[in-house]
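Chain and residue survey
The residues making up each chain are set out below.
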Amino acid sequence: MKVPGGSPPGIPSLPCQTERERPNTMQALYAQLLVGLINGSFYALLSLGLAVIFGMLNIINFAHGALYMMGAFCAYFLLTYGGINYWWALILAPVIVGGFGILLERTMLQWLTGLDHLYGLLLTFGLALIIQGVFQNYFGSSGLPYAIPDLLKGGVNLGFMYLPIYRGWVVIFSLVVCIATWYLIEKTRLGAYLRAATENPTLVRAFGINVPRMITLTYGLGVGLAALAGVLSAPINQVRPLMGADLIIVVFAVVVIGGMGSIMGSIITGFALGVIEGLTKYFYPEASNTVVFVLMVLVLLVKPTGLTGRAS
Amino acid sequence: MTTITENAVPATGRSTSDEMIAFVIMAVLLAVVPLTPIYPYFVMQALCFALFACAFNLLIGYGGLLSFGHAMFLGTAGYATAHAVKEWGFRPEFGILFGVLAAAAMSVVTGLVAIRRQGIYFAMITLALSQLIYFIYLQTPFTHGEDGIQGIPQGVMLGVFDLSKPITLYYVVLVIFLLAFLLIHRTINSPFGEVLKSIRENEQRAISLGYKTDQYKLLAFILSGTLAGLAGAVKVFVAQNASLTDVHWTMSGEVVLMTLVGGLGTVFGPVVGAFVIIAMQQYLASFGQWVTVIQGLIFVICVLTFRRGVIGEIAHFFKRSL
């Protein structure tokens, strides 16, 4: 008996299985690894955005999950009401939601400069409640479907497993985006200004660089990354108002583990934890929800600053 | 940089007596509630949350540590008490004791992990820990998952007070609340509390003065978690159930909101904040999800314009500590 597309995720091999079905459990392992990589892409994109925002604004953006959800909804609206396809949504949704982020920064977040960092957390927490609440009012809590674009439908047989093309695309595309962001911040002149302004805004300002505008754009960039993750996730996970709410807490754990000391650190930690989570789902599914948090505890006990973190 | 408890007025001899006068007024007002048409169940519920918020405020207001996972203590004590009373037939006082001990044990373990970082990291770690606990309770059989533990017998406390009588229950809850409140007040004004405040103001200096600040912070965390547990244990007898709602991170957010509305780092702020938020939820329940939006708006407004909170503004205006 062969289950199409491999065993259902999260179900380990049963003792009564015959030899013929063995490959299926291996397929389940690969499937879980793939799911882990995909979740890892979302963790990486989101924690990257958080790191970028934290670097410039010193704010832990609690609204990040809600903005990720807005990205997915934005793609849904563009398709349903504007007939604009996935490829355009991939560009437009981050721009639109990023613009919304810039609006938030200009109207609210900028007033917190000089206050305790905790106020930023509280303000963005409030924003997350508002955004999620509004979407829940209009769309309930159930999910809306978003079709996989035609070009990425179907899958390829890799010999050892069946790979749905869209899933492969998500992993590769997010990797590219992550590396591009890393390049932008670590290797370009703009990135150098950004890093300098993080270290000493007054001095950078004295060189005639408009630091407040850079802060605003950075927030927009971070939000755009969250929205991009939202668009990528729309065809895989359903588009739901609370899709970001529980994800963001896992991402926080990822951030604590990684330490947010470096951009590359966020990316690697994000992907690695996704994979570890996927492996747990295969070997010990009961712990799959908690493994990231347990890892966080272990890392904190050994190295309180996180894996790549510098002492604060 | 302005700290999150900028409004806290240093306690002097005079302000302590102000606080005692305010305490007597509060106690008398709460004691006459059953004689008024106010729904006692609502006040009992608010008192449980007020205690929860006071316990939370002990940590943020005096230790400068923003815990975003305090729901885990409320929920853990609730489950432990509910299980002990319903399955093992514990008497209410022992049920509460068991719940409080469970919360204390949990706060020791989580505190040891969480106090290793400060500021927003501390907030994120406590949040993640409480989500870990949430998932564990979602899966363990004794919590009955989504159903929660329901139909908890109220029993007779100390063999005298029949908790199934609403009036008796009300006064038992009130007395527990007032005693815990006094305990918190005493803690804040003790030498321990003074050291805690110095850590909040300038941890490096406290360290250089020879204080082992980590131990103080851990002790404050344990005390706060244990008292939050007391709130959760008492709440079981009021609500007669223990459910996942009390462990979910939205509950941790709510207690932050209560304290923020009332005034971070003020003695009476959390009580006022809890009553405001519980009343709001009670009377706006028909608006459904809009309540979340309104809570979010209050959060944003408080952070942007009203950082001292209700009691903080009053205390600042009269230059008194409340």
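Residues numbered from 1 in each chain as written. Chains lettered and ligands numbered in written order. Predicted model: local features only at pLDDT ≥ 70, side-chain atom pairs only at ≥ 80, totals over all residues. Heavy atoms only, no water.

Describing the overall build of chain B
Counting its secondary structure elements, chain B contains 13 helices and four strands. Compactness check: chain B gives a C-alpha radius of gyration of 19 Å against a globular reference of 20 Å for 322 residues, within 12% of the reference. Dimensions of chain B, computed from the C-alpha atoms along their principal axes, are close to 50 × 45 × 40 Å. Considering only contacts within chain B whose residues lie at least 6 apart along the sequence, 78% involve residues at least 24 apart. As presented, chain B carries roughly 12,600 Å² of accessible surface, and 68% of it is formed by carbon and sulfur atoms. (Helix = DSSP H or I, 4+ residues; strand = E, 2+ residues; numbered from the N terminus. Rg over C-alpha atoms; globule rule 2.2 N^0.38 Å. Contact = heavy atoms within 4.5 Å. Areas by Shrake-Rupley, 256 points an atom, 1.4 Å probe, with all protein chains shown as cover.)

Side note on the overall build of chain A
Helix and strand content of chain A: 11 helices and two strands. Beginning at the N terminus, the succession of helices and strands in chain A can be written as α-α-α-α-β-β-α-α-α-α-α-α-α. Taken over the C-alpha trace, chain A has a radius of gyration of 20 Å; the compact-globule value for 312 residues is 20 Å, and the two agree within 12%. For chain A, the spread of C-alpha atoms along the three principal axes comes to 70 × 50 × 35 Å. Looking at chain A as shown, the accessible area adds up to about 13,500 Å², and 67% of this sits on carbon and sulfur atoms. Computed over 15 positive and 10 negative side-chain charges, the inter-centroid distance for chain A is 8 Å. (Lys, Arg positive; Asp, Glu negative; His and termini not counted. Charge placed at Lys NZ, Arg CZ, Asp CG, Glu CD.)

Brief notes about the nonpolar core
Residues and elements named next belong to chain B. Leu66, Phe68 and Phe177 are the most contacted members of the largest nonpolar core, which has 220 residues in total. A per-element tally of this core places helix H2 (residues 40–63) first, with 18 residues. Those residues in contact with Phe177 that lie beyond four places of it in its chain are Met26, Leu30, Leu47, Ala50, Leu51 and Val271. (Core = buried A, V, L, I, M, F, W, Y, C linked by side-chain atoms within 4.5 Å. Buried < 20%, exposed > 50% of the residue type's maximum accessible area, 1.4 Å probe, protein only.)

Quick look at unusual backbone geometry
The phi torsion of most residues other than glycine is negative, and most of the peptide bonds are trans. All names here are of chain B. Here His144, not a glycine, exhibits a phi torsion of approximately 60°, which is positive. Residue placement: His144 occurs in the loop between helix H5 (119–139) and strand S1 (149–150). Overall, the relative accessible area of 44% leaves His144 in the partly exposed class. One non-glycine residue with positive phi stands out, namely Gln240, at about 60°.

Here we look at the pattern of salt bridges
Residue and element names in this part refer to chain B. Summed over the entire model, instances satisfying the criterion amount to nine salt bridges over all chains. Put simply, Glu201 and Arg200 hold a salt bridge, and the shortest N to O gap is 2.7 Å. The class of Glu201 is partly exposed, set by a relative accessible area of 47%. (Salt bridge = Lys/Arg side-chain N within 4 Å of Asp/Glu carboxyl O.)

Focus: the interface of chain A and chain B
Residue-level contacts link 47 residues of chain A with 42 residues of chain B. The largest contributions to the chain A side of the interface with chain B come from A:Leu118, A:Tyr119 and A:Leu122, which together make up 16% of the buried area. Scanning the region where chain A abuts chain B turns up zero salt bridges. Joining chain A to chain B, the criterion identifies six residue pairs in polar contact (both at pLDDT 80 or more). The set of elements that each furnish at least two residues to the side of chain A that touches chain B consists of helix H4 (117–139), helix H9 (245–258) and helix H11 (291–302) of chain A. Partitioning the side of chain A that touches chain B into residue classes produces 32 nonpolar, 12 polar and three charged. (Buried area = accessible area lost by both parts, 1.4 Å probe. Polar contact = N/O pair within 3.5 Å; in protein donor to acceptor, adjacent residues only side chain to side chain. Nonpolar A, V, L, I, M, F, W, Y, C, P; charged D, E, K, R; others polar.)

Here's the deal with the packing of helix H7 (residues 191–201) of chain B against helix H9 (residues 213–239) of chain B
Residue and element names in this part refer to chain B. Orientation of H7 relative to H9, taken along the N-to-C sense of each, is 110°, at an axis distance of 10 Å. In terms of orientation, H7 lies roughly perpendicular with respect to H9. Between H7 and H9 the crossing geometry is left-handed. Facing H7, whose interface residues are Phe192, Val195, Leu196 and Ile199, H9 presents Thr213, Tyr216, Lys217, Leu219 and Ala220. Each residue belonging to the contact of H7 with H9 can be placed in one class, and the counts come to seven nonpolar, one polar and one charged. (Axes fitted to C-alpha atoms, helices over the stretch in contact; angles between N-to-C directions. Parallel < 35°, antiparallel > 145°, perpendicular 65-115°, else oblique. Left-handed = near helix turned anticlockwise from the far one by under 90°.)

Examining the environment of B:Val300
Residue and element names in this part refer to chain B. Relative to the helices and strands, Val300 is located in helix H12 (residues 290–305). Residue Val300 is classed as buried on the basis of its relative accessible area, which comes to 6%. With 220 residues separating them along the chain, Val300 and Ala80 place their C-alpha atoms 35 Å apart.

Brief notes about a nonpolar patch on the surface
Taken together, the side chains of B:Trp88, B:Phe90, B:Phe94, B:Leu97, B:Phe98 and B:Leu101 define a hydrophobic patch exposed on the protein surface, amounting to about 590 Å² of accessible area. Of the residues examined, B:Leu97 reaches a relative accessible area of 46% and is grouped as partly exposed. (Patch = residues over 30% accessible without salt bridge, like charges linked within 9 Å, V, L, I, M, F, W, Y side chains within 5 Å.)

Overview of the packing of H2(B) against H7(B)
Residues and elements named next belong to chain B. Between H2 and H7, whose axes approach to 7 Å, the crossing angle comes to 60°. Accordingly, the angle class assigned to the pair H2 and H7 is oblique. For the pair H2 and H7, the contacting residues are Leu58, Gly61, Tyr62 and Gly63 in the first and Leu196, Lys197 and Arg200 in the second.

Structural notes on the confidence of the model for chain B
Taken residue by residue, chain B gives an average pLDDT of 91. The fraction at 70 or more is 96%. As a predicted assembly, this complex carries a pTM of 0.90 together with an ipTM value of 0.91. (pLDDT = per-residue confidence, 0-100.)

Looking at helix H5 (residues 165–187) of chain A
Between its terminal C-alpha atoms H5(A) stretches 32 Å, which fits the 33 Å expected from 23 residues at 1.5 Å a residue. Residues of H5(A) that are buried include every one of A:Tyr166, A:Gly168, A:Val170, A:Val171, A:Phe173, A:Ser174, A:Val177, A:Cys178, A:Thr181 and A:Ile185, and no others. (Expected span 1.5 Å × (residues − 1).)

A closer look at the environment of B:Leu223
All names here are of chain B. The residue Leu223 is located in helix H9 in this model. A relative accessible area of 25% places Leu223 in the partly exposed class. Between the alpha carbons of Leu223 and Gly253 there is a distance of 20 Å; along the sequence they are 30 residues apart. When sequence neighbours within four positions are dropped, the list of residues in contact with Leu223 reads Leu58 and Thr187.

Overview of the side chain of B:Asp18
All names here are of chain B. Positionally, Asp18 belongs in helix H1 (residues 13–31). According to the relative accessible area criterion, Asp18 is buried, its value standing at 12%. At 3.0 Å, the side chain of Asp18 forms a polar contact with the side chain of Arg320.

Describing the confidence of the model for chain A
A residue-level look at chain A finds 91% of positions with pLDDT of 70 or above and a mean pLDDT of 87. Under a pLDDT of 50 for its full length, residues 1–22 of chain A has, in the predicted model, 19 contacts with residues more than four places off or in other chains.

A few points about the packing of aromatic side chains
Taken as a whole and assessed by the stated rule, the structure comprises 44 aromatic pairs over all chains. Here A:Phe62 and B:Phe68 contribute two aromatic rings whose centre-to-centre distance is 5.4 Å and whose plane-to-plane angle is 40°, an arrangement assigned as tilted. Here the residue A:Phe62 occupies a position in the loop between helix H1 (22–57) and helix H2 (64–82), and B:Phe68 occupies one in the loop between H2 and helix H3 (71–86), the pair thus bridging two chains. Note on accessibility: A:Phe62 and B:Phe68 belong to one class, buried. One aromatic cluster in this structure is built from A:Phe62, A:Phe125, A:Phe252, B:Phe68, B:Trp249 and B:Phe299. In this structure, B:Arg117 is placed above the aromatic ring of B:Tyr121, and the distance from its NZ or CZ to the ring centre is 4.0 Å. Across from the ring centre of A:Tyr119, 5.6 Å away, lies the NZ or CZ of B:Arg307, which sits over that ring. (Phe/Tyr/Trp six-rings, centres within 6.5 Å; stacked < 30°, edge-to-face > 60°. Lys NZ or Arg CZ within 6 Å of the ring centre and 35° of its normal.)

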